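Now for the letters of each chain:
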Amino acid sequence: MREPAPILVVGSVALDTVRTPFGEAVEALGGSATHFSAAASFLTPVRLVGVVGQDFTDEHLRPLVERGVDLEGLVRAPGRTFRWSGEYGEDLNNPTTLDTQLNVFASFDPVLPAAWLDTPVVFLANIDPVLQERVVDRMRSPRLVAADTMNYWIGSKPAELRRVLAKVGIFLCNDAEARQLTGRRNLVDAAEEIRRLGPDVVVLKRGEHGVLVFDPEGPFAVPAYPLQRILDPTGAGDAFAGGFLGSLAVDLGRGKPDYRRAAVMGSVMASFQVESFSLERVRSLTPADIEARYLAFERLTRFPAYARE
Ligand code: AMP
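Draft legend 1. A look at the overall build of the chain. Check the secondary structure of the chain and you find eleven helices and 13 strands. Against the compact-globule benchmark of 19 Å for 309 residues, the chain has a radius of gyration of 18 Å, which places it among compact chains. With the principal axes as the frame, the chain shows a C-alpha extent of 70 × 45 × 45 Å. The long-range share in the chain, meaning contacts at least 24 apart out of those at least 6 apart in sequence, stands at 65%. Mean positive and mean negative side-chain charge positions of the chain (34 and 40 charges, respectively) differ by 4 Å.

Draft legend 2. Seen up close, the packing of aromatic side chains. Taken as a whole, this structure holds seven aromatic pairs when the rule is applied. Aromatic side chains Tyr225 and Phe297 sit 5.4 Å apart centroid to centroid with 45 degrees between the ring planes, which places their arrangement in the tilted category. Remark: Phe297 occurs in helix α11 (residues 287–301) and Tyr225 occurs in the loop between β13 (218–222) and α8 (236–254); sequence separation between them is 72 residues. Residue Phe297 is classed as buried on the basis of its relative accessible area, which comes to 2%. Ring centres of Phe244 and Tyr259 lie 6.5 Å apart, and the angle between their planes is 25 degrees; this geometry places the pair in the stacked category. In this pair, Phe244 sits in helix α8 while Tyr259 sits in helix α9 (residues 259–273), placing the two residues 15 residues apart along the sequence. Its relative accessible area of 0% is what places Phe244 among the buried residues. An aromatic cluster is built from Phe82, Phe105 and Phe108, whose rings are joined through pairwise contacts.

Draft legend 3. The arrangement of the sheet that holds strand β6 (residues 82–87) in detail. Overall, mixed pairing links the four strands, which are arranged β3-β2-β6-β7 in an open sheet. At either end of the open sheet lies a strand with only one pairing partner, and these are β3 (23–30) and β7 (96–101). Strand-to-strand twist across the sheet, computed as the mean angle between neighbouring axes with direction ignored, equals 10 degrees. In this sheet, β3 lies alongside strand β2 (residues 14–20) in antiparallel orientation, the contact comprising six bridges. Looking at the pairing, Leu15 lines up with Leu29 of β3.

Draft legend 4. Representation of the packing of α9 against α11. For the pair α9 and α11, interaxial distance at closest approach is 10 Å and the crossing angle is 115 degrees. Like other packed secondary-structure pairs, α9 and α11 cross with a definite hand, here right-handed. In contact with Arg261, Val264, Met265, Ser267, Val268, Met269, Ser271 and Phe272 of α9, α11 contributes Asp289, Ile290, Arg293, Tyr294 and Phe297. Here the residues of the contact of α9 with α11 sort into eight nonpolar, two polar and three charged.

Draft legend 5. The arrangement of the environment of Ala115 in detail. Locating Ala115 in the fold gives a position in the loop between β7 and β8 (121–124). Along the primary structure Ala115 and Ser276 are separated by 161 residues, whereas in three dimensions their C-alpha atoms are 35 Å apart.

Draft legend 6. Structural detail: the pattern of salt bridges. All chains considered together, the criterion is met by 24 salt bridges. The salt bridge involving Asp118 is made with Arg140; its shortest N-O contact spans 3.1 Å. Here Arg140 lies in the loop between α3 (129–138) and β9 (144–148) and Asp118 lies in the loop between β7 and β8, a separation of 22 residues in the sequence. A salt bridge links Glu275 to Arg281; the shortest N-O distance between them is 3.2 Å. A single salt-bridge network, built from bridges that share partners, covers Glu133, Asp137, Arg163 and Lys167.

Draft legend 7. Up close: the nonpolar core. Among the nonpolar cores identified, the biggest contains 60 residues, and Leu48, Phe123, Ile170, Leu172, Phe244, Leu245 and Val268 are the most heavily contacted of them. Residue contributions to this core peak at ten residues, all from α8. Among residues more than four places away in sequence, those in contact with Phe244 are Ile170, Leu172, Val203, Tyr259, Ala262, Ala263 and Gly266. Among the nonpolar cores identified, the runner-up in size contains 43 residues, and Val51, Leu124, Leu131 and Val164 belong to it.

Draft legend 8. Geometry of the sheet that holds β9. Read across the open sheet, the nine strands follow the order β5-β4-β1-β8-β9-β10-β11-β12-β13; overall the sheet is mixed. Of all the strands in the sheet, the pair left with one neighbour each is β5 (70–76) and β13. Adjacent strand axes in the sheet meet at a mean angle of 15 degrees when their direction is disregarded. The sheet contact formed by strand β1 (residues 7–10) and β8 spans four bridges and is parallel. Paired with Val9 across the strands is Phe123, a residue of β8. Helix-sheet contacts for helix α6 (residues 175–182) involve β10 (170–174) and β11 (201–205), and the interaxial angle to β10 is about 110 degrees. In this fold helix α7 (residues 187–196) packs onto β10, β11 and β12 (211–215), with an angle of close to 45 degrees to the strand it touches most, β12.

Rules behind the numbers
Residues numbered from 1 in each chain as written. Predicted model: local features only at pLDDT ≥ 70, side-chain atom pairs only at ≥ 80, totals over all residues. Heavy atoms only, no water. Helix = DSSP H or I, 4+ residues; strand = E, 2+ residues; numbered from the N terminus. Rg over C-alpha atoms; globule rule 2.2 N^0.38 Å. Contact = heavy atoms within 4.5 Å. Lys, Arg positive; Asp, Glu negative; His and termini not counted. Charge placed at Lys NZ, Arg CZ, Asp CG, Glu CD. Phe/Tyr/Trp six-rings, centres within 6.5 Å; stacked < 30°, edge-to-face > 60°. Buried < 20%, exposed > 50% of the residue type's maximum accessible area, 1.4 Å probe, protein only. Pairing = 2+ DSSP bridges. Axes fitted to C-alpha atoms, helices over the stretch in contact; angles between N-to-C directions. Left-handed = near helix turned anticlockwise from the far one by under 90°. Nonpolar A, V, L, I, M, F, W, Y, C, P; charged D, E, K, R; others polar. Salt bridge = Lys/Arg side-chain N within 4 Å of Asp/Glu carboxyl O. Core = buried A, V, L, I, M, F, W, Y, C linked by side-chain atoms within 4.5 Å.

It is worth stressing that arrangement in space is one thing and function is another; only the former is reported here.
Next comes the structure, spelled out in structure tokens:
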């Protein structure tokens, strides 16, 4: 069996302050690249490109080091680390952003170690689309490129984001973001519109309602795992992307990528992410936990063939 393909990710590494109806985390490790890397690292080697400030300690980094994420592309720059704070009400699907401080990301120019330029899978996690484009432009013919974004960038850098869309094969965002990006309320229309902008595969994340995958073979749906205890949805989208792309990277090592298996693996990783604040649950995961939850998804969604008279 061939080795899974490594993934290069660029995105935010953050200190998050989050309030949910079930508790609060203050300046906890977060960021799109962080959550993505932790999840994907269970499936394939991950190379992280990003920046932190002088206030970021080795203790903050420990969960990523423990997961074996390659941090050669993570720069420590003068200034403060990116900070995000948000709050969830009863609707756990959409946080209200209370504050976004770009800090060291405002003047960041991604540094790609020479040995990483041939990485076969690239994930442009949620960050300034200008940085996303710079990274994809520097890579040497990757086999698979995916991107994510959020309302903050759709609102502030729409033209730059469209340029990124034209350069990626897979695009992931949540339902509200797809509507904001396209001006279409209907999600099938929105996905079609996004596919016209470039990506062949569009994944719409719908929080507790699961995900919709639109690929050339048509739509595919995976529910969110019905959990009794959800503490904090922050990072669920990035953990989904980590499982999704990690699974595709495993497939690439063997042959043809399977988007449906990837969507289930993404949903598995997202279901663990929401069980704790920050990276607590994901840090303690074992391969056996992942396999058990994947099988639970199989039982959740399997149904008998149509019974004719
Ligand atoms: P999600 O998976 O969508 O819940 O993403 C949550 C992560 O996105 C948090 O850990 C934040 O640090 C990060 N984040 C929030 N706003 C931004 C932004 N404008 N740019 C990059 N990352 C962000």
